[in-house]
Amino acid sequence: MDNTKEQIREEVKNILDDYLTAHKYRKTTERYAILDLIYSESSHFNIDTLHEKLTQRNFRISRATLYHTMQLLLECNLVLKHQFGKNLSFYERAYNNDFHFHSICTICNKVSEHTNSKLKAQIQNTQIKQFVPSNYNLYIFGVCNICARNLKKQQKLAKLKLKQSS
Ligand SMILES: [Zn+2]
Ligand SMILES: [Zn+2]
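Described in the following lines is the structure provided in the data block.

Reading the values: rules and limits
Residues numbered from 1 in each chain as written. Chains lettered and ligands numbered in written order. Predicted model: local features only at pLDDT ≥ 70, side-chain atom pairs only at ≥ 80, totals over all residues. Heavy atoms only, no water. Helix = DSSP H or I, 4+ residues; strand = E, 2+ residues; numbered from the N terminus. Polar contact = N/O pair within 3.5 Å; in protein donor to acceptor, adjacent residues only side chain to side chain. Donors = N, O, S within 2.8 Å, 3.2 Å for Na, K, Ca; no water. Tetrahedral: all angles 85-135°; square planar, octahedral: opposite > 155°, others 65-115°. Buried < 20%, exposed > 50% of the residue type's maximum accessible area, 1.4 Å probe, protein only. Axes fitted to C-alpha atoms, helices over the stretch in contact; angles between N-to-C directions. Parallel < 35°, antiparallel > 145°, perpendicular 65-115°, else oblique. Left-handed = near helix turned anticlockwise from the far one by under 90°. Contact = heavy atoms within 4.5 Å. Nonpolar A, V, L, I, M, F, W, Y, C, P; charged D, E, K, R; others polar. Expected span 1.5 Å × (residues − 1). Arc of directions from axis to C-beta. Salt bridge = Lys/Arg side-chain N within 4 Å of Asp/Glu carboxyl O.

Considering the side chain of His102
Along the chain, the position of His102 falls in strand 3 (residues 101-105). A distance of 3.4 Å separates a polar atom in the side chain of His102 from a polar atom in the side chain of Glu92. At 3.1 Å, the side chain of His102 forms a polar contact with the side chain of His100.

Okay, here's the thing in structure tokens:
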């Protein structure tokens, strides 16, 4: 087992614990189970896949409860929500998660993470007049190489280029 990962799982559990105590919210096993599952994941997930994994772990949690818990985790900044497309909501760990930007394929909706230290420094050193930034997100939309290949196969790539240049 990865030690640092274990440590982070313990830390986020304590953050949630404090938050629930401070707000006099109930400390249900489900809430901790959902948090723990999220922090054992390395990447993005949506409600569907999370629900599936909880079921696999024998947690029978309703979607309503799951949505409610995600809302709670958003409130205490343990989770980030991304809206990559109209009907494309993703969540990911917020605590101790390093800067990365996302590329989103507009055809198959594949989301990938990328790091770039130059870009990170540039964003963090950017001064914004009369504004104190707290956080930021960067999404780059486009077509992944698999979809690009498929498009090419269907000889639709030419059309796409035509559209882009107009
Ligand atoms: Zn794609
Ligand atoms: Zn991410």
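So, the coordination of the zinc ion (ligand 2)
Around the zinc ion (ligand 2), the protein supplies His44 (NE2), Glu92 (OE), Glu92 (OE), His100 (NE2), His102 (NE2) and Glu113 (OE) as donor atoms, at distances of 2.0 to 2.6 Å. Considering all 6 donor atoms around the zinc ion (ligand 2), angles at the metal cover 52 to 169° and the coordination shape is irregular. Donor residues for the zinc ion (ligand 2), ordered by position in the chain, follow H-x47-E-x7-H-x1-H-x10-E. Taken as a pair, His44 in the loop between helix 2 (29-40) and helix 3 (47-56) and His102 in strand 3 lie far apart in primary sequence, 58 residues in all. Taking relative accessible area as the criterion, His102 reaches 1% and is therefore assigned buried.

As for the packing of helix 3 against helix 4 (residues 63-75)
The description of two packed helices rests on the angle between their axes and on the distance between the axes. At a minimum axis separation of 11 Å, helix 3 and helix 4 run at an interaxial angle of 115°. Accordingly, the angle class assigned to the pair helix 3 and helix 4 is roughly perpendicular. The two elements helix 3 and helix 4 meet at a crossing, and its hand is right-handed. On the side of helix 3, the interface is formed by Ile47, Asp48, Leu50, His51 and Leu54, while helix 4 contributes Arg63, Leu66, Tyr67 and Met70. Looking at side-chain class alone, the contact of helix 3 with helix 4 contains 6 nonpolar, 1 polar and 2 charged residues.

Regarding helix 4
Over its 13 residues, helix 4 extends 18 Å from the first C-alpha to the last, a length consistent with the 18 Å expected when each residue adds 1.5 Å. Three or more residues of helix 4 are buried, namely Leu66, Thr69, Met70, Leu72 and Leu73. The arc that holds every buried residue of helix 4, seen down its axis, measures 160°, which confines them to one face.

Comments concerning the coordination of the zinc ion (ligand 1)
Protein coordination at the zinc ion (ligand 1) comes from Cys105 (SG), Cys108 (SG), Cys144 (SG) and Cys147 (SG), with a distance range of 2.3 Å. Around the zinc ion (ligand 1), the 4 donor atoms are arranged such that angles at the metal cover 105 to 115°; this shape is classified as tetrahedral. Considered as a linear motif, the donors of the zinc ion (ligand 1) on their single chain read C-x2-C-x35-C-x2-C. According to the relative accessible area criterion, Cys108 is partly exposed, its value standing at 40%.

Notes on the pattern of salt bridges
Oppositely charged side chains can pair when the atoms bearing their charge come close. Throughout the structure, instances matching the rule amount to 4 salt bridges. For Glu6, the salt bridge goes to Arg9, with nearest N and O atoms at 3.2 Å. Here Glu6 and its partner Arg9 are both found in helix 1 (residues 3-22), 3 residues apart, which amounts to about one turn of the helix. Among the residues examined, Glu6 registers a relative accessible area of 34% and is labelled partly exposed.

On their own, these measurements won't tell you what the molecule is for.
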